[in-house]
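Spelled out from the first residue to the last, the chains are:
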Amino acid sequence: MAIRSALINVMAKAADTAARSLKRDFGEVELLQVSRKGPADFVSTADFKAQKILREELGKARPDFGFLMEEEDGVADTSQKSERWIVDPLDGTSNFLHGLPHWCISIAAERAGEIIAGLIMDPVRDEMFWAEKGLGAYNNNQRLRVSARKDLSECLIATGIPFKGCSATEHEEFLLQMKNIMSKVAGIRRFGAAALDMAYVAAGRYDGYWEHSINSWDIAAGIILVKEAGGFIASLDAKQSPLAHGSIIASNSAIHSEFSSLLKKS
């Protein structure tokens, strides 16, 4: 049985409390008050309630940590602290608001610019993916390893597709990458929750994943999950980290070189 550290237990308790609130709202999704935050980007009362719970629970347990969180909630900015939580209270909001049961909570702990622990909770499927630096990656109590597939023709790849509000350049770049990738692989999936895409790479369900214009709170926990499961993480811009650049490539070690080359091919 996996033994969780005090840090992971803090994250798990906070996520579990927020998950109960989100599950109640998901059961009554048609009643939620929804406001438009931007093109094809929605925020609901569910996000704010979950974020408030996470801020309170995590802050109580680690009062010296700062917060980098998705939603603007009027609380003083502490995101520049050397120790901080990077939190997405509801990744897959559009899925959630359309009644699609594919969404999650994502929490990462960062110290001096390095992700040291991460947790991604899927309340619908009762799965909690978690990892801590040097201690491996797990789904509930089961140890995770990335897939061992070596041939891209056997691989299932996940991605995020640009939508309304993204630039024409982003659309064109993505379509070129799709052209380079889709003829080489067994299939491409777009399920609409980046954190779960990363967790699924760590679990070997996907062999690789890439996305542009992604926020740090969507991928921070997934980065350590993939690394601790034996996978590789890179940015589409080799000179910057995925968190800084907002683009990411994740895969098992066997396909990483070929997969990355195809994505960067002009």
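It should be noted that the structure appears before, not after, this text.
Notes on the structure in this doc start here. (Residues numbered from 1 in each chain as written. Predicted model: local features only at pLDDT ≥ 70, side-chain atom pairs only at ≥ 80, totals over all residues. Heavy atoms only, no water.)

1. Description of the packing of aromatic side chains
Turning to step 1, where the next piece is worked out: For the coordinates displayed, the defined rule picks out 10 aromatic pairs.
Turning to step 2, where the next piece is worked out: On the basis of an interplanar angle of 80° and a centroid distance of 4.9 Å, the ring pair of Phe96 and Trp103 is categorised as edge-to-face.
Turning to step 3, where the next piece is worked out: One aromatic cluster is present, formed by Phe129, Phe191, Tyr200 and Tyr206 through successive ring pairs.
Turning to step 4, where the next piece is worked out: When the ring centre of Phe67 is taken as reference, the NZ or CZ atom of Arg55 above it lies at 5.0 Å. (Phe/Tyr/Trp six-rings, centres within 6.5 Å; stacked < 30°, edge-to-face > 60°. Lys NZ or Arg CZ within 6 Å of the ring centre and 35° of its normal.)

2. Observations regarding the packing of helix α5 (residues 194–202) against helix α6 (residues 216–228)
The description of two helices packed together rests on the angle between their axes and the distance between the axes.
Turning to step 1, where the next piece is worked out: The interhelical angle for the contact between α5 and α6, taken along N-to-C directions, is 5°, at an axis separation of 8 Å. As far as their axial angle goes, α6 and α5 are roughly parallel. Only Asp218, Ile219, Gly222, Ile223, Leu225 and Val226 of α6 make contact with α5, whose side of the interface consists of Ala194, Ala195, Met198, Ala199, Val201 and Ala202.
Turning to step 2, where the next piece is worked out: Here the residues of the contact of α5 with α6 sort into 10 nonpolar, one polar and one charged. (Axes fitted to C-alpha atoms, helices over the stretch in contact; angles between N-to-C directions. Helix = DSSP H or I, 4+ residues; strand = E, 2+ residues; numbered from the N terminus. Parallel < 35°, antiparallel > 145°, perpendicular 65-115°, else oblique. Contact = heavy atoms within 4.5 Å. Nonpolar A, V, L, I, M, F, W, Y, C, P; charged D, E, K, R; others polar.)

3. Let's talk about helix α2 (residues 45–61)
Structural remark: α-helix, 3.6 residues per turn; residues separated by three or four positions point the same way.
Turning to step 1, where the next piece is worked out: Compared with an ideal rise of 1.5 Å per residue, which puts 17 residues at 24 Å, α2 spans 25 Å between its outermost C-alpha atoms and is within 8% of the ideal.
Turning to step 2, where the next piece is worked out: Residues Ala46, Asp47, Ala50, Gln51, Ile53, Leu54, Arg55, Glu57 and Leu58 constitute the buried set of α2. (Expected span 1.5 Å × (residues − 1). Buried < 20%, exposed > 50% of the residue type's maximum accessible area, 1.4 Å probe, protein only.)

4. Let's talk about the sheet that holds strand β5 (residues 104–111)
Turning to step 1, where the next piece is worked out: Pairing is mixed across the open sheet formed by seven strands, whose spatial order is β3-β4-β5-β6-β7-β8-β9. Edge positions in the sheet fall to β3 (66–69) and β9 (142–143), since each of these pairs with one other strand and no more.
Turning to step 2, where the next piece is worked out: Packing against the sheet, helix α1 (residues 6–26) makes contact with β4 (83–91), β5, β6 (114–122) and β7 (127–132), and its axis sits at approximately 35° to β6.
Turning to step 3, where the next piece is worked out: In this fold α2 packs onto β3, β4 and β5, with an angle of close to 155° to the strand it touches most, β4. (Pairing = 2+ DSSP bridges.)

5. Overview of the environment of Gly222
Turning to step 1, where the next piece is worked out: Locating Gly222 in the fold gives a position in helix α6.
Turning to step 2, where the next piece is worked out: In this structure, the C-alpha to C-alpha distance between Gly222 and Ala158, residues 64 residues apart in sequence, is 13 Å.
Turning to step 3, where the next piece is worked out: Once residues lying within four places of it in the same chain are set aside, the contact partners of Gly222 are Ile120 and Met198.

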